[in-house]
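An overview of the molecular structure
Listed below are the residues making up each chain.
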Amino acid sequence: MGFLDWLLGKGGEVCDGDPRLAEAVARVIDATDPRLRLLDDVRERLCPAVTRALAYADQVAAALPPCIATTPDNWSASPVLRAFFVRPADVAAALRDSHDLQDFLASPAGSALDRVCCVVAATRSEQTVLGTALDGDIVRHDVEQKTVSFRHFRLFGFAATEEALRQRIADTVLEGLVIAALREINRRHQQGDRLAFAQRLLSGRLELMEKSRAGLDALECGSWHGRDIERLRDSLAANAAELAAHHSAGSGLEATLEGVIRTLEAADAVIHAEKLSLSLDAMNIVVPPESPDASIVPLLEFSTATPGSSRRVAFLASVPRHAVAERKLDLAAGMRLL
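Below is a short write-up of the structure. For clarity, every value in this text was computed on a predicted model and none was experimentally measured.

Here we look at the overall build of the protein chain
If you tally the helices and strands in the protein chain, you get 11 helices and six strands. Residue burial in the protein chain is summarised as follows: out of 338 residues, 40% are buried. For the protein chain, the share of sequence-separated contacts (at least 6 apart) that also reach a separation of at least 24 residues comes to 69%. Here the protein chain has roughly 19,800 Å² of accessible surface; of this, 56% comes from carbon and sulfur atoms.

Topic: the packing of aromatic side chains
Under the counting rule described, the total for this entry stands at six aromatic pairs. Aromatic side chains Phe84 and Phe315 sit 4.9 Å apart centroid to centroid with 85° between the ring planes, which places their arrangement in the edge-to-face category. Linking Phe84 in helix α4 (residues 79-84) with Phe315 in strand β6 (residues 312-320), this pair joins segments that are 231 residues apart in sequence. The burial state of Phe84 is the same as that of Phe315; both residues are buried. Between Phe104 and Phe158, the aromatic rings sit 5.3 Å apart at their centres with planes inclined by 20°, giving stacked as the arrangement. With Phe104 in helix α6 (residues 99-106) and Phe158 in strand β3 (residues 138-159), the pair connects residues that are 54 residues apart, well separated along the chain. Classification of Phe104 as buried rests on a relative accessible area of 14%. Residue Phe158 is classed as buried on the basis of its relative accessible area of 12%.

A few points about the packing of helix α7 (residues 162-211) against helix α9 (residues 252-265)
Angle between the axes and distance between the axes are the two parameters that describe a pair of packed helices. Following both chains from N to C, one finds α7 and α9 inclined at 135°, their axes separated by 9 Å at the closest point. Considering the angle they form, α7 stands oblique to α9. Relative to α9, α7 is oriented so that their crossing is right-handed. Taken together, the residues of α9 that come into contact with α7 (itself represented by Leu174, Leu177, Ala180, Ala181, Ile185 and Arg188) are Thr256, Gly259, Val260, Arg262, Thr263 and Leu264. Residue composition of the contact of α7 with α9, by class: seven nonpolar, three polar and two charged.

Regarding the nonpolar core
Counting residues in each nonpolar core, the largest one holds 46 residues, and the members touching the most others are Val28, Leu46, Val50, Leu177 and Leu264. Broken down by secondary-structure element, the contributors of at least two residues to this core are α2 (19-32), α3 (42-63), β2 (115-135), α7, α9, α10 (267-270), β4 (271-280) and β6. At 12 residues, α3 tops the list of elements feeding residues into this core. Residues contacting Val50, with those up to four places away along its chain left out, are Leu21, Ala24, Val25, Val28 and Leu264. Judged by nonpolar contacts, the second largest core, of 33 residues, contains Phe85, Leu113, Ala317 and Val324.

Remarks on unusual backbone geometry
In this structure, Asp41 takes a positive phi of about 55° despite not being glycine. As for its position among the elements, Asp41 is in the loop between α2 and α3. On the basis of relative accessible area, Asp41 is assigned to the partly exposed category, the value being 46%.

Description of the packing of α2 against α7
One way to put it is that α2 packs onto α7 with a least axis distance of 10 Å and a crossing angle of 35°. Every pair of crossing elements has a handedness; the one defined by α2 and α7 is right-handed. Of α7, the residues touching α2 (which contributes Arg20, Ala24, Arg27, Val28, Ala31 and Thr32) are Gln167, Ala170, Asp171, Leu174, Glu175, Val178, Leu182 and Ile185. For the contact of α2 with α7, the per-class residue count stands at eight nonpolar, two polar and four charged.

A few points about the pattern of salt bridges
Any two side chains of opposite charge can pair if their charged atoms end up close together. Within the structure shown, the criterion is met by 18 salt bridges. The residue Arg37 makes a salt bridge to Asp30 at a minimum N-O spacing of 2.8 Å. In this structure Arg37 comes out as buried when scored by relative accessible area, which is 15%. With a closest N to O distance of 2.9 Å, Glu254 and Arg45 form a salt bridge. Taken together, the positions of Glu254 in helix α9 and Arg45 in helix α3 put the pair 209 residues apart, joining distant regions of the chain.

Observations concerning the side chain of Ser279
Assignment of secondary structure puts Ser279 in strand β4. On the basis of relative accessibility, which here comes to 9%, the residue Ser279 falls in the buried class. Engagement of the side chain of Ser279 in a polar contact is seen with the backbone oxygen of Val287, the distance being 2.8 Å. A distance of 3.5 Å separates a polar atom in the side chain of Ser279 from the backbone oxygen of Pro288. Among all residues touching Ser279, those that are not within four sequence positions of it are Ile285, Val286, Val287, Pro288, Pro289, Ala294, Ser295 and Ile296.

Definitions and limits used
Residues numbered from 1 in each chain as written. Predicted model: local features only at pLDDT ≥ 70, side-chain atom pairs only at ≥ 80, totals over all residues. Heavy atoms only, no water. Helix = DSSP H or I, 4+ residues; strand = E, 2+ residues; numbered from the N terminus. Buried < 20%, exposed > 50% of the residue type's maximum accessible area, 1.4 Å probe, protein only. Contact = heavy atoms within 4.5 Å. Areas by Shrake-Rupley, 256 points an atom, 1.4 Å probe, with all protein chains shown as cover. Phe/Tyr/Trp six-rings, centres within 6.5 Å; stacked < 30°, edge-to-face > 60°. Axes fitted to C-alpha atoms, helices over the stretch in contact; angles between N-to-C directions. Parallel < 35°, antiparallel > 145°, perpendicular 65-115°, else oblique. Left-handed = near helix turned anticlockwise from the far one by under 90°. Nonpolar A, V, L, I, M, F, W, Y, C, P; charged D, E, K, R; others polar. Core = buried A, V, L, I, M, F, W, Y, C linked by side-chain atoms within 4.5 Å. Salt bridge = Lys/Arg side-chain N within 4 Å of Asp/Glu carboxyl O. Polar contact = N/O pair within 3.5 Å; in protein donor to acceptor, adjacent residues only side chain to side chain.

What follows is the structure in structure tokens.
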């Protein structure tokens, strides 16, 4: 690829004539570091990893069950809504309190829509309690039962249709993979900086100790000078070996590209998603699927490799505009800010 081709952003033809793949490769480059275009054959090297990431993103989007009409009126008819929300009023409150939903409906993209499709995500909690259960004709007390509850609701991925929503979910998965790659690249940069700083610090300390004869540590706890120097030399050698290993893994744009490729190829480990089917009764107690009181709640459970993140569950919602109450202006809170 010549300089003019790079300058004009050409080169998408290397992705087997797939416009979506070519666009995704360009998005990955732009989001990571536009200077990656300076590397030879960067698109050819990225295409296989992006192809795999797109296939996984499509798989995640397709794994979600069909949209559920998310309104207070549909609460009694939907096992998912009954599981997520204690009562119909809680459905209305979740829609009203979603700033993201309110902002989308007020935006140019959503202002003309009578209905919006989105993802409803929440954190699932399980708790073991003691309750009663019928064993034949005998009522047993203090029976261990597992209850399920949902909290920390978040609505996102707004679109006009379910098809557009699934495409948006796939795009979000790809964006999440790029963000994870950037996080890992930044972690490696910070690790390299720490190792280089430690090398300079240890080298300076060793030089001072070798010149001081009695040793800088001689005043502390009667430490032996020779032993202190040998221990410091060992620490310096260990740090140097770790720094050399870090450098051998590459640096600069090549290391950035390799990091992105590794993350995209490990898409399932970075953003893990799997179907989840809960069998719950009216009190959100886990019961066997064959139980006459059982309702099947189909969800998608997902997690990311981000440290400290928790597993989340999600379903697709279809929300009519009339079901979303406008937020009331809190004048008292506004006055307190003045």
